[in-house]
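Coordinates in review
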Amino acid sequence: MSQATNQSWGGRFSEPTDAFVARFTASVNFDQRLAPQDIQGSIAHATMLARVGVLTDDERDAIINGLNEIQGEIERGEFNWSVPLEDVHMNIEARLTEKIGITGKKLHTGRSRNDQVATDIRLFMRDEIDVIEVELKRLREGMIELADREAETIMPGFTHLQTAQPVTFGHHILAWQEMLARDHERLLDCRKRVNVMPLGAAALAGTTYPIDRHVTAELLGFDRPTENSLDAVSDRDFAIEFTSFASILLMHLSRMSEELVLWTSAQFNFIDLPDRFCTGSSIMPQKKNPDVPELVRGKTGRVYGHLMSLLTLMKSQPLAYNKDNQEDKEPLFDAVDTVRDCLKAFADMVPAIEPKKASMYEAARRGFSTATDLADYLVRKGVAFRDAHEIVGQSVAYGLKTEKDLSEMSLDELKQFSDTIEQDVFEVLTLEGSVAARNHIGGTAPNQVRAAAQRAREALVALKVGA
Ligand code: ARG
């Protein structure tokens, strides 16, 4: 198919579209991805038109059968996409008319491509959000179970990437899970604003046909029709909102990725990632590279880019529809694909993380990670915190000189710095004592981690789409 003048709007034109302009303005090469939603929307539109008497039942049936056949042609790869027909909408409509004749031309009654494309993208986004939500849930579940399993595993906690205080590995994983819990809420919140139906807004002002938008909205599973026709055809907030959810999520995944990369290094040696998530080097036979987290970290950049693209695309656009909006699809499609794939990779990988407990424990034992516990011990014995800080500082300096951790010093060695120190100090200087003492909601104590994992499980079950 390659007629020189587009039949859908060629009536007022006196010369064919310039061949380059036709290619430049066409979107079919990428928006054909919206075909299933376009057909779904058209079937609902035709059904509604018949219900209000604008189409006969026979016309409706011919349209619906034709569209279902076209869906099959597309799925089987038999559909002949035409660039001169510009976009997915006109390609499908032209094929429908080819198949069922003049009735096919009635489908577009009371509708414009402007409300049609806005509807298609929202249907697409809703479908994709639901797929993404499944992966996000799976990842959160995997983290909660890993955290529960590792509630007692001790590792060093860091600030400034310097050893700070011992924490439990389960506590660390639950910190990741908290980030994702907020992302999950953002996703479900975004879905509420996605699931509103623009169809019926027509080009910009609505239509003179006696349409029933509630019927179409219900047929398509939308919560309600949009309130304002001008806004309906031009709003792309929902795409910006999704991409901003995606950017924050990828920012979180990039932080987790960075830690996984560090932890798998020989220098940290905190975890092992199974071979199936890693690749080798073509030159260095000993290498096992954490490609999956590295790639997730890298892909964060393109999603931030898509957010900037969409924000800038919408900036200063006057009402109502502008062709600019055709540029919303590629960033959105790529953001959707990237988020889904990164979540899948993480959901598969996280339950397979193998902590190297002895190595983590050893790292926590180095670096005076119980120094704060010694200070707190002195405070409990009546020493002012600032003085306690000074005493512990001197003990650490001694430990550096003698290459001893605080827990490895004798009582006499410790007593050089404060007489207040007694035999019971060794209970607080152990790593187990240190983490167990942080026994409050949000703390790193193993029993708190288990309780937090249980609460997280319950919160995940309670989360409802549209809540
Ligand atoms: N391909 C167009 C888009 O993606 C569809 C809407 C075209 N509307 C128009 N008035 N030219 O935005």
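Position numbers for residues count from 1 along each chain, tracking the sequence in the order it is written. The model is predicted, so local features are restricted to residues of pLDDT at least 70 and side-chain atom pairs to those at 80 or more, both for listing and for counting; the totals for chains, interfaces and linings are taken over all residues. To get the side-chain values, all heavy atoms of the structure are used, and hydrogens and water are removed first.

Right, let's talk about the pairing of strand E2 (residues 162-168) for a bit. As judged from the 5 bridges shared by strand E1 (residues 154-159) and E2, these two strands associate in the antiparallel manner. Of the residues in E2, the one forming a bridge with Pro-156 is Pro-166. Pairing between strands is defined by DSSP: at least two bridges between the two strands are required. We count a stretch as a helix when DSSP gives it H or I for four or more residues in a row; a strand needs E for two or more, and each element gets its number in order from the N terminus. Connecting E1 to the next strand, E2, in antiparallel fashion are 2 residues, including His-160 with a positive phi near 55 degrees.

Turning our attention to helix H19 (residues 446-462). To estimate the expected span of a helix, count its residues, drop one, and scale the result by 1.5 Å. Taking 1.5 Å per residue, 17 residues should reach 24 Å; H19 reaches 24 Å between its end C-alpha atoms and fits that length. Remark: exposure states derive from per-residue accessible area (1.4 Å probe, protein chains only) relative to the maximum for the residue type, with buried under 20%, exposed over 50%, and partly exposed in between. Inspection of H19 places Pro-446, Gln-448, Val-449, Ala-453, Ala-456 and Leu-460 among the buried residues, and these make up the whole buried set. On an axial view of H19, the arc spanned by its buried residues comes to 145 degrees, and they lie on one face. Along H19, the residues that are exposed and aim more than 90 degrees away from the buried face are Val-461 and Ala-462. Packed against the buried residues of H19 are helix H6 (113-149), E2, helix H7 (169-194) and helix H18 (431-437). By definition, the arc is the one covered by directions from the helix axis to the C-beta atoms. By definition in these notes, contact holds between two residues if any of their heavy atoms fall within 4.5 Å.

Aromatic ring pairs are reported here in terms of the distance separating the ring centres and the angle at which the planes meet. Under the pairing criterion, centres of Phe, Tyr and Trp rings, with the six-membered ring standing for Trp, must be within 6.5 Å; the plane angle then separates stacked pairs below 30 degrees from edge-to-face pairs above 60, leaving the rest tilted. Here the structure, examined in full by the defined rule, presents 11 aromatic pairs. Ring centres of Phe-79 and Trp-81 lie 4.4 Å apart, and the angle between their planes is 50 degrees; this geometry places the pair in the tilted category. Looking at Phe-79, the relative accessible area reads 9%, which means it is buried. We call a charge positioned over a ring when the NZ of a Lys or the CZ of an Arg lies within 6 Å of the ring centre and within 35 degrees of the ring normal. Directly above the aromatic system of Phe-13 lies the positively charged group of Arg-12, at a separation of 5.8 Å from the ring centroid. Residue placement shows Arg-126 over the ring face of Phe-222; its charged tip is 5.3 Å from the ring centre.

Right, let's get into the nonpolar core. Here, nonpolar core means buried Ala, Val, Leu, Ile, Met, Phe, Trp, Tyr and Cys residues that are tied together by side-chain atoms lying within 4.5 Å of each other. Of all hydrophobic cores here, the largest spans 84 residues; its most connected members are Phe-242 and Leu-253. Among all residues touching Phe-242, those that are not within four sequence positions of it are Met-125, Ile-129, Ile-132, Leu-187, Cys-190, Leu-332, Ala-335 and Val-336.

Distances are taken per atom, and a residue is near a molecule or strand as soon as one of its heavy atoms is within 4 Å of it. Close contacts around the ligand come from Ser-27, Asp-31, Asp-87, His-89, Arg-113, Asn-114, Val-117, Tyr-321, Gln-326 and Lys-329, and that covers them all. We define a polar contact as two N or O atoms separated by no more than 3.5 Å, with the added condition that, inside protein, one atom must be a possible hydrogen donor and the other a possible acceptor, whereas residues neighbouring each other in sequence contribute only through side-chain atom pairs. Asp-87 is positioned such that a nitrogen or oxygen atom in its side chain is 3.1 Å from a nitrogen atom of the ligand. In this structure, Lys-329 approaches the ligand through a side-chain N or O atom, which is 2.5 Å from an oxygen atom. Per-residue and other accessible areas were derived by the Shrake-Rupley procedure at a 1.4 Å probe size, with only the shown protein chains allowed to occlude residues. In isolation the ligand has 340 Å² of accessible area, and contact with the protein removes 86% of it.

So, about the packing of helix H3 (residues 35-51) against helix H5 (residues 88-100). Taken N-terminus to C-terminus, the directions of H3 and H5 make an angle of 60 degrees; their axes are 10 Å apart at the nearest point. When the interaxial angle is binned, H3 and H5 end up oblique. The handedness of the crossing between H3 and H5 is right-handed. On H5, the residues touching Ala-35, Asp-38 and Ile-39 of H3 are Val-88, His-89 and Ile-92. Looking at the contact of H3 with H5 residue by residue, the classes come out as 4 nonpolar, 1 polar and 1 charged. Here the axes come from fitting lines to C-alpha atoms, over the contacting stretch only for helices, and the angles between their N-to-C directions go from 0 to 180 degrees. An angle below 35 degrees is treated as roughly parallel, one above 145 as roughly antiparallel, one from 65 to 115 as roughly perpendicular, and anything else as oblique. Two helices that cross are described as forming a left-handed crossing if the nearer one is turned anticlockwise from the farther one by less than a right angle, and a right-handed crossing if clockwise. Only Asp, Glu, Lys and Arg are considered charged in this grouping, and only Ala, Val, Leu, Ile, Met, Phe, Trp, Tyr, Cys and Pro are considered nonpolar; every other residue, Gly among them, is considered polar.

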